[in-house]
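# Notes for the structure review
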Protein chains: 2
Amino acid sequence: MPGTVPGLFDMSIFPVVLDKLVEKFASLPGVGTKSAQRMAFFVLSLSDSEAADFASTIIEAKRGVKKCTVCQNLTDTEVCRICSGDRRNRSVICVVADPKDVIAMERSKEYNGLYHVLHGVISPINRVGPDDIAVRELISRLGGGEVSEVIMATNPDTEGEATAMYISRLIKPLGIKVTRIAYGIPVGSNLEFTDDATIFKALEGRREM
Amino acid sequence: MPGTVPGLFDMSIFPVVLDKLVEKFASLPGVGTKSAQRMAFFVLSLSDSEAADFASTIIEAKRGVKKCTVCQNLTDTEVCRICSGDRRNRSVICVVADPKDVIAMERSKEYNGLYHVLHGVISPINRVGPDDIAVRELISRLGGGEVSEVIMATNPDTEGEATAMYISRLIKPLGIKVTRIAYGIPVGSNLEFTDDATIFKALEGRREM
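Below: a short report on this structure. (Residues numbered from 1 in each chain as written. Chains lettered and ligands numbered in written order. Predicted model: local features only at pLDDT ≥ 70, side-chain atom pairs only at ≥ 80, totals over all residues. Heavy atoms only, no water.)

### Some remarks on the state of the cysteines
Residue and element names in this part refer to chain A.
- This model, assessed by the stated rule, comprises 0 disulfides over all chains.
- Left without a disulfide partner, C80 is nearest to the cysteine sulfur of C71, which lies 3.7 Å away.
- Under the relative-accessibility criterion, C80 is labelled buried at 2%.
- Between C94, a cysteine without a disulfide, and C71, which holds the nearest cysteine sulfur, the sulfur-to-sulfur distance is 11 Å.
- The exposure class of C94 is buried, given its relative accessible area of 0%. (Disulfide = S-S within 2.5 Å. Buried < 20%, exposed > 50% of the residue type's maximum accessible area, 1.4 Å probe, protein only.)

### Overview of the interface of chain A and chain B
- Of the residues lining the interface, 56 residues belong to chain A; the matching set on chain B comes to 56 residues.
- Considering only the surface of chain A that becomes buried against chain B, I13, I58 and K62 of chain A emerge as the three largest contributors, covering 13% of it.
- Scanning the region where chain A abuts chain B turns up 4 salt bridges.
- Here D53 of chain B and K24 of chain A are joined by a salt bridge, their closest N and O atoms 2.7 Å apart.
- Between chain A and chain B we count 8 residue pairs in polar contact (both at pLDDT 80 or more) in total.
- For the side of chain A that touches chain B, the secondary-structure elements that each account for two or more residues are α1 (16–26), α2 (33–45), α3 (48–64), β2 (74–75), α4 (81–84) and α5 (99–107) of chain A.
- Among the residues forming the side of chain A that touches chain B, the class breakdown is 33 nonpolar, 10 polar and 13 charged. (Contact = heavy atoms within 4.5 Å. Buried area = accessible area lost by both parts, 1.4 Å probe. Salt bridge = Lys/Arg side-chain N within 4 Å of Asp/Glu carboxyl O. Polar contact = N/O pair within 3.5 Å; in protein donor to acceptor, adjacent residues only side chain to side chain. Helix = DSSP H or I, 4+ residues; strand = E, 2+ residues; numbered from the N terminus. Nonpolar A, V, L, I, M, F, W, Y, C, P; charged D, E, K, R; others polar.)

So, to be careful, I would describe these as geometric facts and stop short of saying anything about function.
Structure representation (structure tokens):
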């Protein structure tokens with residue numbers, strides 16, 4: 001309804017549906033009212049077929065994209081292309097918080113195992129517990145004896161750390177190795193501008209040359 | 001098609017329709033690939049009905065919003081609410097480049113006349129001539145003898161200035177007063193940080209107290 005976007009469009013000189021379009025764009029992450037307004041005017045400047053294509057893409061993406069029944073990553077098939085591929089090392093599972101993290105891992109071209117996407121991290125402050133993320137689905141994947149290592153690749157922040165810790169305690173009793181991705185100085189960065197905690201972790205994780 | 005958004009989604013581990021949704025968002029003004037990706041994931045997190053509502057709002061806005069046959073402002077009726085309202089001073093027309101400028105003018109609550117939206121400014125460098133903006137529609141409004149003043153409120157930049165100049169030369173022979181909004185120091189701002197051209201204009205436009 002007009003009015004939730006304050007100030008700009010509440011003078012009812014513009015069509016209500018334009019107000020509504022601005023609000024839709026303003027509801028997207030990182031989009032303020034002014035940007036939403038520019039986006040709405042841009043959509044009005046599209047041809048009819050371009051606008052229809054934009055709208056139908058939203059519907060199709062929403063309808064077509066689901067979670068892989070194995071790894072919970074986003075897919076348009078029952079089992080995603082990574083889980084169903086035959087060139088992957090099926091004895092390693094890399095656990096990440098978010099589908100975007102899978103993209104980052106794949107980009108490195110270093111990892112050839114499977115993934116498990118938690119879709120979140122444990123966060124008491126946001127009332128997210130272990131049952132709200134895909135922990136149970138991960139544990140159920142480990143029963144077959146095929147998996148020998150689980151790499152915890154949640155973010156190196158408090159919540160990512162706590163989530164990794166929680167999950168590793170569930171997995172260790174199953175006799176499966178659990179590892180954590182290394183902390184350290186990012187490649188190409190500069191010691192001078194590296195924060196203390198990272199330097200501490202980089203020293204702690206030092207390896208013989 | 002995947003591939004026009006470089007780098008992030010070109011590994012075909014994600015559904016094609018998700019790539020396509022990211023591209024749609026990335027085509028919006030001011031939206032980069034990373035933001036588009038966040039927006040796409042946000043849309044996937046919506047409920048089915050919320051996503052459907054987003055899509056249908058695009059279609060409805062595109063279908064429902066047209067130009068007022070009188071002032072060319074955006075409207076969902078044949079004649080917009082300002083032109084058809086009976087509380088407006090019909091002897092003054094304020095000429096602006098863009099529908100957003102009408103919002104700005106209305107926000108001031110100072111102006112009670114009519115508007116004319118040019119939908120652009122004359123810009124040889126962008127190959128926009130007088131016939132590409134709503135100049136002819138403006139001139140045809142001035143024949144009835146009802147209008148006594150036209151206020152040129154295009155932006156105070158080169159193109160806005162040239163457009164105002166061009167239109168004023170067309171109108172003056174009709175015996176109608178043409179005025180230009182004042183240049184000067186913005187209210188609440190600071191002389192110290194005001195650019196030279198504005199200070200020059202503010203001095204030039206000084207009025208007796």
